[in-house]
Amino acid sequence: MTSATSPSADESASSTPRPAKKASSGAKAPKTAPATPKSPDAAQTAKAPASARPKTAASAAKSSGATKTAKAPASARQKSSEAASTAPATAKSSGVTASASALPALDEGERARLDSAIGDLQTGASIWSALTLSQRVTLLRAVRTSVAATAEDWADTAAASKGLDGRHPLRGEEWLSGPYSVLGALDAYIETLSRLADGTNPLDGVKIDRAPGGRTRVHTFPLTGIDRFLLSGFTGEVWLEPGITPNGARAAAGLAQRTPTASGGVGLVLGAGNITSIPVLDVLYELLAHNRTALLKVNPTQDALVPVYKRAFAPLIEPGFLRIVRGGPAVGAYLTGHPDLVHVHITGSAATFDAIVWGTGAAAARRRRENRPQLKKPITAELGGVSPIIVVPGAWSDDDLRYQAEHVATMRLQNGGHNCIAGQVVILSSDWPQADRFRAELRRAYANAPERPIWYPGSPSRMQQATDAYPDALVLGDRLLVEIGDGDDPDALQRTEYFAPVLGVVTVPGEGQSFLDAAVAYANDELQGTLGANLLIDPATEKSLGSGFERAIANLRYGSIAINGWTAFGFITPTLTWGAFPGSTIDDVGSGIGIVHNALLLDGVERSVIRGPFRPFPRSLPVVNGGGRLTILPKPPWFVSARTGAEVSEGLTRFRVNGSTAGLVKTLLKALRA
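Now for a quick tour of the structure.

### Details of the overall build of the protein chain
Here is step 1: For the protein chain, the helix and strand inventory stands at 22 helices and 21 strands.
Here is step 2: By the burial criterion, 65% of the 674 residues in the protein chain qualify as buried.
Here is step 3: Contacts in the protein chain between residues far apart in sequence, at least 24 positions, make up 82% of those at least 6 positions apart.
Here is step 4: When the accessible surface of the protein chain is totalled, it reaches about 22,000 Å², and 55% of it is carbon and sulfur.

### Regarding the packing of helix H1 (residues 108–130) against helix H9 (residues 329–336)
Here is step 1: At a minimum axis separation of 11 Å, H1 and H9 run at an interaxial angle of 45°. With respect to their mutual orientation, H1 and H9 come out oblique. Between H1 and H9 lies a crossing of right-handed hand. Across the interface between the two elements, Glu 110, Arg 111, Leu 114, Asp 115 and Ile 118 from H1 touch Val 331, Tyr 334 and Leu 335 from H9.
Here is step 2: Looking at the contact of H1 with H9 residue by residue, the classes come out as five nonpolar, no polar and three charged.

### Comments concerning the pairing of strand S8 (residues 322–325)
Here is step 1: Here S8 shows no split at all, with Leu 322 and Ile 324 on one side and Arg 323 and Val 325 on the other all buried.
Here is step 2: Note: strand S7 (residues 293–297) against S8, four bridges, orientation parallel. Residue pairing for S8: Lys 297 is matched across the bridge by Val 325.

### Some points on the packing of aromatic side chains
Here is step 1: Under the counting rule described, the total for this entry stands at 14 aromatic pairs.
Here is step 2: Both rings, one in Trp 154 and one in Tyr 309, keep their centres 5.7 Å apart while their planes meet at 80°; by these two values the pair is edge-to-face. Here Trp 154, found in helix H2 (residues 133–161), pairs with Tyr 309, found in helix H7 (residues 306–312); they are 155 residues apart in sequence, far enough to count as distant. With respect to burial, Trp 154 and Tyr 309 carry one shared label: buried.
Here is step 3: Ring centres of Trp 455 and Tyr 456 lie 5.2 Å apart, and the angle between their planes is 70°; this geometry places the pair in the edge-to-face category.
Here is step 4: Judged by relative accessible area, Trp 455 falls into the buried class, the value being 1%.
Here is step 5: In textbook terms, an aromatic cluster arises when at least three aromatic residues are bridged by ring pairs, as seen for Phe 221, Phe 234, Phe 569 and Trp 638.

### Remarks on the nonpolar core
Proteins that are soluble and globular tend to have nonpolar side chains buried together.
Here is step 1: In this structure, Trp 154, Phe 313 and Phe 438 are the most contacted members of the largest nonpolar core, which totals 115 residues.
Here is step 2: In this view, Phe 313 contacts Val 143, Ser 146, Val 147, Trp 154, Val 182, Val 280 and Leu 322; residues no more than four positions away in its chain are not counted.

### With respect to the pattern of salt bridges
Here is step 1: Enumeration according to the criterion identifies 30 salt bridges in this entry.
Here is step 2: For the salt bridge of Asp 120 with Arg 323, the shortest nitrogen-to-oxygen distance reads 3.3 Å. Linking Asp 120 in helix H1 with Arg 323 in strand S8, this pair joins segments that are 203 residues apart in sequence.
Here is step 3: Judged by relative accessible area, Asp 120 falls into the partly exposed class, the value being 31%.
Here is step 4: Owing to a relative accessible area of 19%, Arg 323 belongs among the buried residues under this scheme.
Here is step 5: Among the salt bridges present, the one from Asp 478 reaches Arg 479, with a minimum N-O distance of 2.9 Å. When sorted by exposure, Asp 478 lands in the same class as Arg 479, which is buried.

### A short note on the packing of H2 against helix H21 (residues 645–658)
Here is step 1: Running from N to C, H2 and H21 point in directions that differ by 150°, and their axes come no closer than 9 Å. In this view, H2 runs roughly antiparallel relative to H21, as classed from their interaxial angle. Crossing angle aside, the handedness with which H2 passes H21 is left-handed. Where H2 abuts H21, its residues Arg 144, Ala 148, Ala 151 and Glu 152 lie against Arg 654, Arg 656 and Val 657.

### Digging into the environment of Arg 326
Here is step 1: Along the chain, Arg 326 falls in the loop between S8 and H9.
Here is step 2: Residue class for Arg 326 comes out partly exposed when judged on its relative accessible area of 37%.
Here is step 3: On a C-alpha basis, the gap between Arg 326 and Val 306 in space is 8.5 Å, while along the polypeptide they are 20 residues apart.
Here is step 4: If we skip the residues at most four places from it in the chain, Arg 326 touches Glu 110, Arg 113, Val 298, Asp 303, Val 306, Pro 307 and Val 331.

### With respect to the pairing of strand S5 (residues 235–240)
Here is step 1: In terms of residue burial, S5 counts as a mostly covered element, since five of its six residues are buried.
Here is step 2: Where strand S4 (residues 215–221) meets S5, four bridges bridge the pair, whose relative direction is antiparallel. Bridge pairing in S5 places Val 218 opposite Val 238.
Here is step 3: In terms of strand pairing, S5 meets strand S21 (residues 605–611) through six bridges, oriented antiparallel. Bridge pairing in S21 places Gly 236 opposite Ile 610.

### Regarding the environment of Trp 396
Here is step 1: Residue placement: Trp 396 occurs in the loop between strand S11 (387–391) and helix H12 (398–413).
Here is step 2: Along the sequence, Trp 396 and Ile 537 sit 141 residues apart, while their C-alpha atoms lie 9.6 Å from each other.
Here is step 3: Other than its neighbours up to four places away in sequence, Trp 396 contacts Val 391, Leu 401, Gln 404, Trp 432, Gln 434, Phe 438, Leu 536, Asp 538 and Phe 614.

### Describing helix H22 (residues 661–671)
Here is step 1: Along H22, the positions that sit buried rather than exposed are Leu 664, Thr 667 and Ala 671. Down the axis of H22, the buried side of the element spans an arc of 60°, and every buried residue falls inside it. Across H22 from its buried face, at more than 90 degrees, point the exposed residues Ala 662 and Lys 666.
Here is step 2: Residues of H22 that are buried make contact with helix H4 (225–230) and H21.

### Some points on unusual backbone geometry
A negative phi angle characterises most non-glycine residues, just as the trans form characterises most peptide bonds.
Here is step 1: Of note, the bond from Phe 221 into Pro 222 is cis; its omega dihedral lies within 30 degrees of zero at -5°.
Here is step 2: Residues Phe 617 and Pro 618 are joined by a peptide bond in cis, for which omega reads 5°.
Here is step 3: Of note, Leu 255 is a non-glycine position whose phi angle comes to about 45°, a positive value.
Here is step 4: For Leu 255, the position within the fold is in the loop between helix H5 (246–252) and strand S6 (266–270).
Here is step 5: At Phe 499, a residue that is not glycine, the phi angle is positive and equals roughly 55°.

What counts as what
Residues numbered from 1 in each chain as written. Predicted model: local features only at pLDDT ≥ 70, side-chain atom pairs only at ≥ 80, totals over all residues. Heavy atoms only, no water. Helix = DSSP H or I, 4+ residues; strand = E, 2+ residues; numbered from the N terminus. Buried < 20%, exposed > 50% of the residue type's maximum accessible area, 1.4 Å probe, protein only. Contact = heavy atoms within 4.5 Å. Areas by Shrake-Rupley, 256 points an atom, 1.4 Å probe, with all protein chains shown as cover. Axes fitted to C-alpha atoms, helices over the stretch in contact; angles between N-to-C directions. Parallel < 35°, antiparallel > 145°, perpendicular 65-115°, else oblique. Left-handed = near helix turned anticlockwise from the far one by under 90°. Nonpolar A, V, L, I, M, F, W, Y, C, P; charged D, E, K, R; others polar. Pairing = 2+ DSSP bridges. Phe/Tyr/Trp six-rings, centres within 6.5 Å; stacked < 30°, edge-to-face > 60°. Core = buried A, V, L, I, M, F, W, Y, C linked by side-chain atoms within 4.5 Å. Salt bridge = Lys/Arg side-chain N within 4 Å of Asp/Glu carboxyl O. Arc of directions from axis to C-beta.

Spelled out as structure tokens, the structure:
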């Protein structure tokens, strides 16, 4: 699972510490910013390494013995920009894209190739505007067929590009975060457009009620019987911004598909480099939420996927609704400033965003002072952040401690830690009697997860940055565990999105509501970004908090919140939304501006909230669950500790492809052995 979107338009994480978070009013951020032909590119030319340099594992690292407490961090060092970041190689020491004047000029043939692609998309925009909703549904079904036909090649190519062979226990991640996610999105978009074509509302039959603060809440998952069965225990809600009524939500649902003849022009999508579904999901959202055809510039880390993308999305490419190009910083600079591209969407780092919008160096500082951005067109972005994992103290069994420790390890280690939504800071109560036992289980789970390459460009330098800041952190094979103690300085951990296997643990005082309120304030005020937050709480404790629990969730200023789940579940659930909490601007972009996915095409979104089961099957059965949610999963297949995760992830994707009941039964039997 992802996120996918992680640091950089290329997808490199900005490991340069970001300033402290400002309290957000929740107001919508302005989405317009300026662009000159000289603005920087969205991806480095460097390829992802085939394998990462191994770390030395201490023999004690595999045990749950005494904790090593990290010392105060060394002074912050500037991060070197990731090899695949949107920042050009000339900006390595700053992590920011070099000025366009420093980039090599494109030759005439390359410019002509790009101009021709944009011209095709302009023609395609006119064709798209002429299609009826029914014709668009037919087209999306054709895309689904071609994506299904490429699913195996897609997953295998993605796994190989990350150094995972056909026997690696984590190869299933590439099935779920690639073709599975895209097939699910296509199914959901097809349903929404089919309803609109039939004259019905996308929200007909969907439960709508009120969340704290008078917000309208739309219960957007599960909406199908198969999801209710396979993902029993998991639910999802989209909370709309204060002031939007249920009737207003229904009236706006459908976005640009309510005015299908109004063209949104041609946009630029600067693709992420870490999760293979992100670039194409962003393209689909441009087309369906905005009636905008798209030029997709892939991150160089995903060059191997380009032939797969072209086959999978041939039904969009042939009529001119999509063009896919490769290239380095010079190509990105040319495209962000191209006068015929009316909008930019980037998944990446804040450093890359700033370089595109403002430029770099002294010129950027001057533009900021004068409020004169160099990008002269609207831009939306998903830029990651430092995600909290709030562990609410309660009376947990040994099995609870072990299972939730594996859950936390998954939040950090999935995809090698190269996720914008990876959990990075665990917030424990200093007054929890079971805190030491949970720490021991966390060390064990974190150390015992399968080893894999640290494959994302720039990750070794960020790992070194964390090691320099916390020289006494626990080294567990190829990963670091930073346990902040009294007198230690947590600033680097709180402000730096490492985008690598670095997990930190901090404490705040209190129990029950006092702890929860303190942890929410810590996450809001101390951690960089507002993309996603995770919270673990046992059913009895949640029940004891009553309405105070929901008020605390409302106070948590994040665009995606997972309760007894990981926010990456929200990423792969198409009827939920993905993006930062509203309120960022081009001056202080935080985790980004705008949302994606959102297959019900809702307007005025504030956040998505995922709720999951605290205990797995069979401990989720009502007689032993203490009032929690029932699930049929002994262990979700995305857990890095799931023994049959690879086979189950592949099987669930194949079921999405062909709907075979016999195949699904075999997959579920494998899931029982997780």
